[in-house]
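Here's the letter readout for the chains.
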Amino acid sequence: MTSTAQPARTAETEERRPGRWLALSALVLAVLLVAVDATVLGLATPYISEDLSPSGTQLLWIGDVYSFVIAGLLVSMGSLGDRVGRKRILLVGAAAFGAISVLNAYATTPGMLIAARALLGVAGATLMPATLALIRNLFHDPRERSLAVGIWGAAASAGTAVGPIAGGFLLEHFWWGSVFLINLPVMVVLVLVGLRTLPESRNPAPGPWDLSSVVLSLVGMIAVVYAVKEAATHGLTGVTAAAALLGVAALYGFVRRQLTMPRPLLDMRLFRNRGFSGAVLADLLTVLGMSGLVFFLSQFLQLVQGRHPFEAGLAEVPAAVGAVAAGLVAGRAARRYSVRAVVSGGLAAVGVALAALTTLSQSTGYPVLGAALLVVGVGAGFSFTVTADVILSSVPKDQAGAASAVSETAYELGAALGIALLGSIVTGVYRGFTAPPGTPAAAHESLGAALEASKTMPAPSAADMLTAARDSFTHGLHLASGAGAVVLLATAAAAWFLLRNQRLESAA
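A quick note: this is a predicted structure, and the numbers were derived from the prediction, not measured. (Residues numbered from 1 in each chain as written. Predicted model: local features only at pLDDT ≥ 70, side-chain atom pairs only at ≥ 80, totals over all residues. Heavy atoms only, no water.)

J.: How should I be thinking about the overall build of the protein in this particular structure?
T.: A tally of regular secondary structure across the protein gives 18 helices and zero strands. A buried classification covers 54% of the 508 residues belonging to the protein. Partitioning the intrachain contacts of the protein with sequence separation of at least 6 by distance along the chain shows that 84% fall at a separation of at least 24. Put simply, the protein shows about 20,500 Å² of open surface, and 67% of that area lies on carbon and sulfur atoms. (Helix = DSSP H or I, 4+ residues; strand = E, 2+ residues; numbered from the N terminus. Buried < 20%, exposed > 50% of the residue type's maximum accessible area, 1.4 Å probe, protein only. Contact = heavy atoms within 4.5 Å. Areas by Shrake-Rupley, 256 points an atom, 1.4 Å probe, with all protein chains shown as cover.)

J.: Sorry, what's going on with the side chain of threonine 491 here?
T.: For threonine 491, the position within the fold is in helix H18 (residues 459-498). Those residues within four positions of threonine 491 in sequence are excluded, and the remaining contacts are Ala282, Leu285, Thr286 and Leu347.

J.: Explanation requested: empty space enclosed by the protein in the structure shown.
T.: Where empty space is left can be seen by rolling a probe of water-molecule size over the atoms. The tally for this structure, following the rule as stated, stands at two cavities of 30 Å³ or more. Around the largest cavity sit Gly278, Leu281, Ala282, Leu285, Thr491, Ala494, Ala495 and Leu498, which together line it. If you list the elements that add at least two residues to the lining of the largest cavity, you get helix H11 (274-304) and H18. By residue class, the composition of the lining of the largest cavity is six nonpolar, two polar and no charged. Computed from the structure, the second largest cavity encloses a volume of approximately 30 Å³. In terms of lining, the second largest cavity is formed by 11 residues, of which the most central are Met77, Gly78, Gly81, Arg86 and Ala130. Partitioned by chemical class, the residues of the lining of the second largest cavity number five nonpolar, four polar and two charged. (1 Å grid on protein atoms, 1.4 Å probe; cavity = no way out; pocket = protein on both sides within 12 Å on 5 of 7 lines; lining within 4 Å. Points joined across faces, edges and corners; volume = space filled by probe spheres on them. Nonpolar A, V, L, I, M, F, W, Y, C, P; charged D, E, K, R; others polar.)

J.: I tried to follow the packing of aromatic side chains on my own but got confused; where do I start?
T.: Inspection of every chain in the model, using the stated rule, returns two aromatic pairs. Ring centres of tyrosine 106 and tryptophan 175 lie 5.5 Å apart, and the angle between their planes is 40°; on these two criteria the pair is classed as tilted. On the criterion of sequence distance, the pair formed by tyrosine 106 in the loop between helix H4 (86-105) and helix H5 (110-138) and tryptophan 175 in the loop between helix H6 (142-173) and helix H7 (178-181) is long-range, its members being 69 residues apart. We classify tyrosine 106 as partly exposed; its relative accessible area is 49%. (Phe/Tyr/Trp six-rings, centres within 6.5 Å; stacked < 30°, edge-to-face > 60°.)

J.: Looking at this model, I keep getting lost on the layout of surface pockets. Mind explaining?
T.: Of the voids in this model, the second largest pocket is the one considered here, and its volume is about 360 Å³. Around the second largest pocket, the lining is made up of 17 residues, and of these Val75, Met221, Phe271, Val406 and Thr409 lie nearest the centre. Elements represented by at least two residues in the lining of the second largest pocket include exactly helix H9 (211-234), helix H10 (238-260), H11 and helix H16 (400-431). Class assignment for the residues of the lining of the second largest pocket results in 14 nonpolar, three polar and no charged.

J.: I would appreciate a short explanation of the confidence of the model for the protein in the present structure.
T.: Low pLDDT means the predicted atomic positions in that stretch should not be read closely. In this model, the protein carries an average pLDDT of 79, and 90% of its residues clear a pLDDT of 70 or more. Per-element mean pLDDT across the protein ranges from 42 in helix H1 (residues 2-15) up to 91 in helix H14 (residues 339-356). Low confidence marks residues 1-14, where pLDDT is under 50. Its contacts with residues over four positions away, or in another chain, come to two contacts. (pLDDT = per-residue confidence, 0-100.)

J.: Before we go on, may I ask you to explain the environment of proline 54 in this structure?
T.: Mapped onto the elements of the fold, proline 54 is located in the loop between helix H2 (20-52) and helix H3 (56-84). Spatially, the C-alpha atoms of proline 54 and proline 110 are 5.6 Å apart, while their sequence positions differ by 56 residues. With residues near it in sequence (within four places) discarded, proline 54 still touches Ile48, Ser49, Leu59, Ile62 and Pro110.

J.: Looking at this structure, I do not really get H10. What am I missing?
T.: An α-helical segment advances 3.6 residues per turn. Residues three or four places apart therefore align on the same side. When the terminal C-alpha atoms of H10 are compared, their 33 Å separation across 23 residues agrees well with the 33 Å that a helix rising 1.5 Å per residue should span. Among the residues of H10, those classed as buried are Thr240, Ala243, Gly247, Ala250, Phe254 and Gln258. (Expected span 1.5 Å × (residues − 1).)

J.: Is there a simple way to explain the environment of tyrosine 252 in this structure?
T.: Of note, tyrosine 252 is situated in helix H10. Assessed through its relative accessible area of 51%, tyrosine 252 is described here as exposed. Sequence separation of tyrosine 252 and glycine 220 is 32 residues, and the distance between their C-alpha atoms is 8.5 Å.

J.: In this structure, what is going on with the environment of alanine 30? I would like to understand it.
T.: Mapped onto the secondary structure, alanine 30 falls in helix H2. Using a relative accessible area of 0% as the deciding quantity, one classes alanine 30 as buried. For alanine 30 and glycine 93, which are 63 residues apart along the polypeptide, the C-alpha to C-alpha distance reads 9.7 Å. Sequence-distant contacts of alanine 30, that is, excluding residues within four places in its chain, are made with Leu90, Leu127, Thr131 and Leu190.

J.: Can you walk me through the packing of helix H17 (residues 447-454) against H18 in this structure?
T.: Each pair of packed helices can be described by the angle between their axes along with the distance between the axes. One way to put it is that H17 packs onto H18 with a least axis distance of 10 Å and a crossing angle of 175°. Looking at the two axes, H17 sits roughly antiparallel to H18. Counting all contacts with H17, which are made through Leu447, Ala450, Leu451, Ala453 and Ser454, the residues of H18 involved are Ala462, Met465, Leu466, Ala469, Arg470 and Phe473. Residue composition of the contact of H17 with H18, by class: nine nonpolar, one polar and one charged. (Axes fitted to C-alpha atoms, helices over the stretch in contact; angles between N-to-C directions. Parallel < 35°, antiparallel > 145°, perpendicular 65-115°, else oblique.)

Here it is as structure tokens:
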């Protein structure tokens, strides 16, 4: 009797770990930290340009190097967490994230800020895979895990809303470096709560952390993302083609190496699971289709409709509210109906909302924009929450870190591709606007540059130039939103087939 009762009690204790919800609060703070930091830099860019006077290339690197490094290191850091301990890598990464934020805030040269952003990317790459992997190991009851994933996703969505609002407020009252210092109090609370509440978990038989695989993954992802962004900005050049070939070759070498290693950095057999592969692909294409809207909407609100940074941040709140609400009920909806119905329905809703945004103009009232953003948030909240649950449920607990890293890499790669491909539509259309005589060439580079150029032009010519520039930018945004809508609707159809017969677990 005793020998059979003890395992049952152990399993029940493991399933209902005391303090698991308090531990989740630390993970929520971690994802909030990354989400806020990813959104505040865009608002601060004009102020950084004025203070540090970076060149155009340096300004691009200030904006891009963070995502380059994160994309290149996610898989490696997720696998490292599986090996050395997810709690350990999360807390070390969080402490480093806070310390490096100070370095960003007080950077005095463009080169120093670029280096600080790169280091912040290294720290950020440790956080996201570790949070999802710890959720997989904290919550053994599938229904509780679905709710925990929903809360995790809601925090990410809330962070994308808090970032512009907090950043806009700080930029109106303090210097640009203050947007980085908001990381510090969050980091302190995260570390203190995490030390006391988070359990340590790791792969019991992980094998060595293969440095060659790390280098191949890093070089491959950075080179591919760089090539895509450069091709969109400057067209296909020799340097861009070389970077693309280097990236593809490195990623091919990475995959080949993983298939031949007895204990690989990333088990490529995970992709044989149709649910896992379908969820990852859906995430990548969804972010690709939405990223053009996310990247250019704040510019539209500020530079076309004339809103202040804080007001522009508030205007984007409905998307976060919708995502939070949908994320909290997504798991229950997927069990009641089906995984593919919830994911496909959510993606289709986002596609329809993006199609509606092709009607935006300078005079469009906020109710139309707010309603479209609310639908975008609800659809994305349903889709991302359920696909994250599918990814976690498809892998053994020992490989949760690597699987979570694959999911996050899909987000980063989707964002890079989306901004590059859809961004090229906006910039290509914008640069072709018809300007009155005497317009500086710099005005064709960006709408922000056109606003600066207008200050040196006669008033009538400046007004005509700004009208043409704004109309051209808005037309480019229409085309990017339409292309995004097509991508989202196609992804919804693909998810319907790829996630066929996929179910979320109903009991532990």
